[in-house]
Amino acid sequence: MRKAIVFAGVAAVAAGCAGMGGEMAYREQAVGIMKRDFHARGMATVDRLNQDELQRVCTQYNNKPPADVEKRLEAAQLAAIKAPADGKYMGDWKRGQRIASSGRGMTWSDKPGAAGGSCYNCHQLSPQQPSFGTIGPSLRGFGKTRGYTAEMQKYAYERIYNSKAFSLCSTMPRFGHSGTLNEQQIKDVVAYLMDPASPVNR
Amino acid sequence: MRHALVLCAAAGLAAGLAGQPAVAQSDDRTAAEFDKFREVLEEANPAELWELKGEELWKTRRGPKNASLEQCDLGLGPGVVKGAYVQMPRYFADTGKVMDAEQRIVHCMITLQGFKYEELAKAPFSRGNYTPDPVSIVTYVAAQSREMKIAVPQSHPKERETYEIGKQIFYYRAGPWDFSCASCHGEDGLRIRTQNLPNFTKPGAQAARSFIGWPGYRMTGGVMHSLQWRMNDCFRQQRFPEPGYASDTIAALLTYMGVNSNGELYRGPGIKR
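Residues numbered from 1 in each chain as written. Chains lettered and ligands numbered in written order. Predicted model: local features only at pLDDT ≥ 70, side-chain atom pairs only at ≥ 80, totals over all residues. Heavy atoms only, no water.

Student: Just checking my understanding: could you explain the side chain of Arg 48 of chain A for this structure?
Tutor: Relative to the helices and strands, Arg 48 of chain A resides in the loop between strand 1 (38–39) and helix 3 (53–60). Buried charge without a partner: Arg 48 of chain A forms no salt bridge, and the closest opposite charge is Asp 47 of chain A, 5.6 Å away. From its side chain, Arg 48 of chain A meets the backbone oxygen of Arg 239 of chain B in a polar contact 2.9 Å long. (Helix = DSSP H or I, 4+ residues; strand = E, 2+ residues; numbered from the N terminus. Buried < 20%, exposed > 50% of the residue type's maximum accessible area, 1.4 Å probe, protein only. Lys, Arg positive; Asp, Glu negative; His and termini not counted. Salt bridge = Lys/Arg side-chain N within 4 Å of Asp/Glu carboxyl O. Polar contact = N/O pair within 3.5 Å; in protein donor to acceptor, adjacent residues only side chain to side chain.)

Student: What exactly am I supposed to notice about the interface of chain A and chain B here?
Tutor: Opposite the 51 residues of chain A that make contact, chain B presents 39 residues. Here chain A meets chain B over a buried area of about 4,200 Å², counting both sides, of which 56% is carbon and sulfur. By the criterion of area lost to chain B, the three top residues of chain A are Tyr 26, Phe 38 and Trp 108 of chain A, representing 16% of everything that side buries. If you look at where chain A meets chain B, you find four salt bridges. Residues Glu 242 of chain B and Arg 41 of chain A are paired through a salt bridge, measuring 2.9 Å at the closest nitrogen-oxygen approach. (Contact = heavy atoms within 4.5 Å. Buried area = accessible area lost by both parts, 1.4 Å probe.)

Student: Would you mind going over the packing of helix 5 (residues 93–101) of chain A against helix 9 (residues 183–194) of chain A with me for this structure?
Tutor: Residue and element names in this part refer to chain A. In contact at an axis separation of 7 Å, helix 5 and helix 9 are set at 100° when each is read in the N-to-C sense. Overall, the two elements helix 5 and helix 9 adopt an arrangement that is roughly perpendicular. Side by side, helix 5 and helix 9 meet where Trp 93, Arg 95, Gly 96, Gln 97, Ile 99 and Ala 100 of the first sit next to Gln 184, Gln 185, Asp 188, Val 189, Ala 191 and Tyr 192 of the second. Taken together, the residues that form the contact of helix 5 with helix 9 break down as six nonpolar, four polar and two charged. (Axes fitted to C-alpha atoms, helices over the stretch in contact; angles between N-to-C directions. Parallel < 35°, antiparallel > 145°, perpendicular 65-115°, else oblique. Nonpolar A, V, L, I, M, F, W, Y, C, P; charged D, E, K, R; others polar.)

Student: Is there a simple way to explain helix 9 of chain A in this structure?
Tutor: All names here are of chain A. Spanning 12 residues, helix 9 covers 16 Å between terminal C-alpha atoms, matching the ideal 16 Å at 1.5 Å per step. Extensive coverage of helix 9 is indicated by the burial of 10 of its 12 residues. On the buried face of helix 9, the contacting elements are helix 5, helix 6 (119–122), helix 7 (142–146) and helix 8 (150–161). (Expected span 1.5 Å × (residues − 1).)

Student: Explain helix 10 (residues 248–260) of chain B here, please?
Tutor: Within an α-helix, residues lying three or four positions from one another point in the same direction, as the helix has 3.6 residues per turn. Here helix 10 of chain B is 13 residues long and its end C-alpha atoms lie 18 Å apart, about the 18 Å a rise of 1.5 Å per residue gives. Summarising burial for helix 10 of chain B: 13 of the 13 residues are buried, a large majority.

Student: Explain the nonpolar core here, please?
Tutor: In this structure, Trp 58, Leu 74, Tyr 85, Ile 137, Val 141, Ile 169 and Phe 170 of chain B are the most contacted members of the largest nonpolar core, which totals 58 residues. Listed by contribution, the elements that provide at least two residues to this core are helix 2 (20–37) of chain A together with helix 3 (47–59), helix 4 (101–111), helix 6 (133–143), helix 7 (157–171), helix 8 (181–185), helix 9 (227–237) and helix 10 of chain B. When residues of this core are assigned to their parent elements, the largest contribution, seven residues, is made by helix 10 of chain B. Excluding its chain neighbours within four sequence positions, the residues that come into contact with Phe 170 of chain B are Ser 180, Cys 181, Ala 182, His 185, Phe 200, Thr 201, Leu 253, Tyr 256 and Met 257 of chain B. Residues Met 152, Ala 156, Tyr 157 and Leu 181 of chain A belong to the second largest nonpolar core, which totals 30 residues. (Core = buried A, V, L, I, M, F, W, Y, C linked by side-chain atoms within 4.5 Å.)

Student: Sorry, what's going on with the packing of aromatic side chains here?
Tutor: Centre distance and the angle of the planes are the two values used to describe a pair of aromatic rings. All names here are of chain B. Inspection of every chain in the model, using the stated rule, returns 18 aromatic pairs over all chains. Geometrically, the ring pair formed by Tyr 85 and Phe 211 is edge-to-face, given 5.6 Å between the ring centres and 65° between the ring planes. With a gap of 126 residues between them, Tyr 85 in the loop between helix 3 and strand 1 (90–92) and Phe 211 in the loop between strand 5 (195–197) and strand 6 (213–218) connect regions that are remote in the sequence. No difference in accessibility class separates Tyr 85 from Phe 211, as the two residues are buried. For the pair Trp 214 and Trp 229, a centre-to-centre distance of 6.3 Å together with 40° between the ring planes defines the contact as tilted. (Phe/Tyr/Trp six-rings, centres within 6.5 Å; stacked < 30°, edge-to-face > 60°.)

Student: Would you mind showing me how to read unusual backbone geometry here?
Tutor: Across residues other than glycine, the phi torsion is negative in most instances, and most of the peptide bonds are trans. Residues and elements named next belong to chain B. Cis geometry marks the peptide bond from Met 88 to Pro 89, where omega comes out at 5°. Relative to the helices and strands, Pro 89 resides in the loop between helix 3 and strand 1. Following Trp 214, the chain continues into Pro 215 via a peptide bond in cis, with omega recorded as -10°. Considering the arrangement of structural elements, one finds Pro 215 in strand 6. Despite not being glycine, Asp 178 shows a phi value in the positive range, around 60°. Locating Asp 178 in the fold gives a position in the loop between helix 7 and helix 8. Asp 178 gets classed as buried once you look at its relative accessible area, which sits at 0%.

This is the structure in structure tokens:
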């Protein structure tokens with residue numbers, strides 16, 4: 001019994017020297033320092049420093065968690081997505097365009113409720129908007145290339161609502177889950193991606 | 001006079017930039033114009049104005065204790081300013097912790113001159129015609145490391161520990177949008193809108209873009225900003241709560257990014273878009 005404990009201790013030290021355990025100790029210190037140093041400002045409260053399980057896992061495994069953990073958490077994220085009450089996924093693409101272009105939302109200098117989707121920060125969408133980022137893939141011709149199907153509308157809605165349901169440690173924010181965009185706003189962005197008349201598909 | 005002219009020109013360009021529509025074509029054009037303008041400006045860098053003001057603040061007896069900062073130890077001995085900036089953050093035995101340049105200057109203003117942290121932290125960032133004293137002073141201090149190699153030390157155990165803590169802060173995902181610093185600055189060749197995002201996890205020239213050019217004269221707004229402001233605004237965009245001014249969180253992050261910048265040439269206070 002005592003041998004086993006000693007062995008476990010040696011293993012932990014070895015793991016620590018190899019990185020994992022040491023990293024965990026440094027992370028604990030880092031979190032302690034952050035919790036001491038940060039203060040609430042505007043809507044940005046200090047509880048934002050507390051990680052949920054997904055954030056914790058993605059940080060711990062440097063965005064490459066073990067497959068079983070990944071599957072379990074992705075399923076939980078998918079199950080928590082609220083489908084539109086009326087069963088319709090498409091809103092107004094013109095409103096969707098405004099939401100896609102706005103980088104506002106959720107910072108301490110933003111007003112609650114005044115949020116955009118920041119889509120262009122990371123994605124190419126309409127050819128008429130050449131100021132786009134490259135953190136995410138190009139979504140130009142989204143509906144045109146994938147097909148204007150009901151399944152694709154549903155997928156777009158769910159992907160915007162919670163990207164992590166499809167790729168656990170995706171960089172993309174969970175716009176529905178985090179309360180950044182409401183149901184109607186997500187529908188409007190779906191229409192921006194999926195309406196044949198939207199500039200994204202022209 | 002020369003400075004006044006440069007400032008007017010800079011303000012004019014900044015106003016011009018603000019009026020540009022946010023499309024890549026004009027952004028490219030703006031970027032090209034900005035580069036040309038920066039070349040001209042480097043002959044008479046507006047940051048020099050704050051260097052001069054900072055030097056005066058450093059040497060003048062001020063504060064409740066009516067003392068100058070000339071006995072302030074920036075790591076190379078009391079009063080030694082030359083080369084100090086490119087060797088910070090570093091460990092200080094008197095506080096028992098690793099401190100970055102501005103944090104150390106604030107510490108000296110408190111201990112030597114008798115200023116209060118709460119007062120200094122009340123409005124720590126430049127705005128309009130207002131420049132906080134520590135920003136001018138750090139600009140002066142940084143200028144005394146012009147054309148020197150970045151050499152953030154890692155010899156003390158606390159310095160190595162602070163690097164590791166800074167790294168953990170850099171990769172820590174949290175907040176409503178699940179971001180960490182690495183979400184934007186952890187990969188090569190990314191862009192947000194048309195703005196290039198340097199990879200601060202990659203030692204050398206890429207990471208050094210976190211260090212080089214700061215403190216910087218920022219054309220948007222025509223103000224001088226230090227790394228304290230840059231870190232603060234990154235956390236704002238990361239959707240985090242606000243980090244304390246001159247806090248250990250910032251010092252740890254600057255240690256991580258500073259060490260990754262080691263070996264690169266620091267050109268002194270710069271010009272930022």
